[in-house]
Structures are given as C-alpha cells and as structure tokens.
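Structural overview
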Amino acid sequence: MSSAFDYAPAPESRAVVDLAPAYGLFIDGEFTEGTGGDLRKTVSPATEEVLAEYTQGTADDVDRAVKAARTAFGKWSALPGAERAKYLFRIARIIQERSRELAVLETLDNGKPIRESRDADLPLVAAHFFYYAGWADKLGHAGFGPDPRPLGVAGQVIPWNFPLLMLAWKVAPALACGNTVVLKPAETTPLSALFFADICRQAGLPKGVVNIVTGDGSTGAALVAHPGIDKVAFTGSTEVGKAIARTVAGTDKKLTLELGGKAANIVFDDAPLDQAVEGIVNGIFFNQGHVCCAGSRLLVQESVQDELLDALKRRMATLRVGDPLDKNTDIGAINSAEQLARITELADAGEAEGAERWSPACELPGSGYWFAPTLFTGVTQAHRIAREEVFGPVLSVLTFRTPEEAVAKANNTPYGLSAGIWTEKGSRMLWMASKLRAGVIWSNTFNKFDPASPFGGYKESGFGREGGRHGLEAYLDV
C-alpha cells in the first residue's frame, strides 16, 4: 500500500483560450500586418506544438509604432492624473476578469505550471496596474518635485520568463506618469502581450498609447536605437543589456536595466530548517529556475549542512515534473530548446569540474523541453555553476563557517540582484543585509514580490528600480 497520497491528473482546460492562427502588430490601437510580411511560430515548450504564428516586426514597423506613440503622447500626457488612473483601473479589472484565460495562455506559451501563472503571476499583474493607478494623480507627492513631467515615448523590451508580469512592471508606471509605450515582447512568448493589446482596446485606452511590436532581437535593437524613443527599459540578459547601454550611450535617452543574477540563499545554523528548505525550493525551482533573482547559490553553515541537505533531498523527491497545465505540477517545461541546451551545458560542466550532481528519480515527458531539478554539492567558487547564471532548476551548494565568510562568498559575483538570509537573530539579519551588495534581500523567505516594493540590482545586474514609488522615477523628467 502506498505510504503517500497518489495524485490523479487535474488538467486545466485549454478551451478558455481562443487562439488565432496568426497575429499582426498592434499599432495605433489596431492590429495591422507587418511591412516585411515575415511570420514566425511560437510553440508550446511542453509539447513542441505550434500555438500560433506572429509577425516579425521590421525597423519600418517600429517607426510606425513610435510615430503613433508620439502622436498619442500629447493628449495622453495632458489628461489629469485621475483620468489616466481610470484607464489603469479598468485594465486591472479586465485582467482580473480574464485571469483564468490569461493564466492558461501564459502556461501554454511559456511552459510554467498553471498554479504559478494562476496564483502568482496574474494576481501580481493586476496588482501592479491597481497600484500605479493609485499613483497617477499623486505624482507631485512622490518625492520627485512638485510637478514632475512625463518623458515621452518609452521603448520597452521584456523577457520570456514572466511575459505578462514584466509587461505590467513596465507599462503600468509608464502610463501612470503620462508616457506612451512601444513594447517588444520576447520572441518565444509573444502571445500574452498580444492578448494585452486586446485588453487595452476593451478598456477603451486611447489609440497609440500602447503599441506592441513582436519580433526577434533585431526588432528590439531597432526599437532601442530609434531616435523617437525618450526612455528605454529592458529586462533580460546582461550581455544584451550591455549592448543596449552602448547603443544608448551619447544620446539623451533615459535607461533602466534589470539584468541577470546569481543570488546567494544563506542559511545559518539557527535557522528554522524546515522553513528554510521550503524557501530554498521556492528560490531555485519556482518557474523552473527561469528567475533573474533565483537563489541559485545555497550557502549553508557547515554545522547544519548534512541535516539541511538530507531534508532538502527529501523535499526535492516530492516535486512533480510534468504537464504544466496539470494543477498538481510543481516544475514545468524549460522555455525553449536553446535554453535547455544552455542549462545542460552548464550542468555537464559542473560534473566535469568535479562537483557532485544529484537529482531525484523522476520520469520526464517524451516530448517538449525538460530538465530534472538538480543539486550540486562539493561546489567551489571557481566552478562555472557557481559563477555563471544557469537560469534553470540547478542549485549549487557551498558552505561557510562565519558570517564574515558568508558575506565574502555571497558578494563574490559580478551580479548583485538579490539574496536571502535565514536566521532567528534579527541583529544578524540586519548586519548581513547591510553588508550584502544586492538590491533585494529577503529574510526568512524568498521570491516574495509586492508592487509597492522596489526591485532592481547593482553591478552587472543593472541599474534603476521597478515597483514602488521608486519605479515612477524612471518615467518622469525630474
């Protein structure tokens, strides 16, 4: 007789999502064909089936979108803040009303488990629009001068790991401040942005205020370089962020970058270990590890290393890998074949360099892109898996003896986005937080987000903040 509950499949229905065979660009309030006529396919990472075709935007398409945004800027920025707020509130409510549809869509296109897109992504998306709607008529009280003005047209490029949430992080504050937007979603996850375009129409948003141009990196490069863009916001890899910074250098464009990370999750010997195990699992296996602030380096105090690792392995053995639309699934599909190859290459390098690899027994589906949750012990700071961002469900375990050693190891990285501290001592937590060079530091938790709290990093993790009052500054002429 089984000693644990057996899980029957509990699939979410795909019927709530009505996908068109092909999608155009959203420019000046209408869907339109691209000038190049080139269509690309977006596939489900879990099954490799083609979900839809979308348009490869050209430089001419970007130019059309920027001109539409520039035309709309005059009237939109002249609206009283309370009037702009009404549109943002309306968008937030429609997102709530269509949250089941959007969650299924996000899971289909991205590969993340439905319970994450349903219970984490969509509530946060709506919350960001609600939050910045509240700021729209209070900008003079945000601390950036008595009468801050919008910048103009914002060019925004977002990644594939949280497609709709990253859209909300960028579009909501931009609109609240009176800017107009041209947004370029990631090439592997364009669908939720295109559905958001429909939400903008449903909310009655004036034409040209939000424009969405799909395509690959060349489309994003054309947007960043366009002379009609006043503000560039990018979330993605450090490599692309550096290229964007070079493009923008010497212009008067305002720039914010939210880039890679290699966060340390630090567990002291007085930490509540069961709670810490849950935080470790959430820190690295949430969204298949496709998280820029993922706790990919576990720093554990030597005296509790064995006890913690035993508990962590027991917990990892209970993780369910499989169909992202199954409500029981803990770890879904890797977003693309390219990302799976990157994760595989770095994990193989970890083994080749002498670290000990462990994964729980799990049967991976025969089609799609999958990678089992993986733990590496015997890791040193010289290992590639401890230095490079894997962006997958791979955890490197290092040890320390003193708080000073933990700080030194945690800060020994070119990144500086996030960190976690697990201890019962408030004084130690505050001391550690003051020493860690990271933009977001969690205490006895991990991966907790709130629209009222700023998010961003240091060093090669970028600059600027998104979320909270601080997130307004990037979209205001102060």
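Residues numbered from 1 in each chain as written. Predicted model: local features only at pLDDT ≥ 70, side-chain atom pairs only at ≥ 80, totals over all residues. Heavy atoms only, no water.

The chain appears in an unreviewed UniProt entry as Aldehyde dehydrogenase from Streptomyces albospinus. As recorded by UniProt, the Sequence similarities (unreviewed entry) comment attached to the chain reads in full: "Belongs to the aldehyde dehydrogenase family." (UniProt positions renumbered as here; feature names shortened; annotations may be inferred.)

1. Side note on the UniProt feature "active site" (unreviewed entry) in the chain
Following the UniProt record, the feature "active site" (unreviewed entry) maps to Glu258 here. By secondary structure assignment, the location of Glu258 is in strand S11 (residues 254-258). Once residues lying within four places of it in the same chain are set aside, the contact partners of Glu258 are Phe234, Thr235, Gly236, Cys292, Leu417, Phe455, Ser461 and Glu466. (Helix = DSSP H or I, 4+ residues; strand = E, 2+ residues; numbered from the N terminus. Contact = heavy atoms within 4.5 Å.)

2. A few points about the side chain of Arg384
Topologically, Arg384 is positioned in helix H12 (residues 384-387). Filtering out sequence-adjacent residues up to four positions away, Arg384 remains in contact with Arg342, Glu345, Leu346, Ala349 and Glu353.

3. A word on the domain arrangement of the chain
Assigned domains within the chain: domain 1 (22-259 + 458-475) and domain 2 (264-443). For domain 1 versus domain 2, the separation of C-alpha centres amounts to 30 Å. In this assembly, 31 residues from domain 1 lie in contact with 33 residues from domain 2. Buried surface at the junction of domain 1 and domain 2, summed over both partners, amounts to about 2,700 Å²; 56% is from carbon and sulfur atoms. Counting the surface domain 1 buries against domain 2, the share from its top three residues, Trp160, Tyr458 and Lys459, is 22%. The residue Asp330 makes a salt bridge to Arg115 at a minimum N-O spacing of 2.4 Å. The tally of links between domain 1 and domain 2 comes to 17 residue pairs in polar contact (both at pLDDT 80 or more). Among the secondary structure elements, those contributing two or more residues to the side of domain 1 that touches domain 2 are helix H3 (99-110) and helix H4 (114-135). Broken down by class, the residue content of the side of domain 1 that touches domain 2 amounts to 12 nonpolar, nine polar and 10 charged. (Domains from an automatic or database assignment. Buried area = accessible area lost by both parts, 1.4 Å probe. Salt bridge = Lys/Arg side-chain N within 4 Å of Asp/Glu carboxyl O. Polar contact = N/O pair within 3.5 Å; in protein donor to acceptor, adjacent residues only side chain to side chain. Nonpolar A, V, L, I, M, F, W, Y, C, P; charged D, E, K, R; others polar.)

4. Here we look at helix H13 (residues 403-410)
Listed as buried for H13 are Ala406, Val407, Lys409 and Ala410. The buried residues of H13 occupy one face: seen down the axis, they fall within an arc of 170°. As for H13, its buried residues are in contact with strand S12 (264-267), strand S13 (297-301), strand S16 (394-400) and helix H14 (426-435). (Buried < 20%, exposed > 50% of the residue type's maximum accessible area, 1.4 Å probe, protein only. Arc of directions from axis to C-beta.)

5. Some details on the environment of Trp169
With respect to the helices and strands, Trp169 occurs in helix H5 (residues 163-176). Distance in space between the C-alpha atoms of Trp169 and Thr377 is 36 Å, their sequence separation being 208 residues. When near neighbours in sequence (up to four residues on either side) are disregarded, Trp169 contacts His128, Phe449, Phe455 and Glu466. In terms of polar contacts, Trp169 uses its side chain to reach the side chain of His128, at 3.1 Å.

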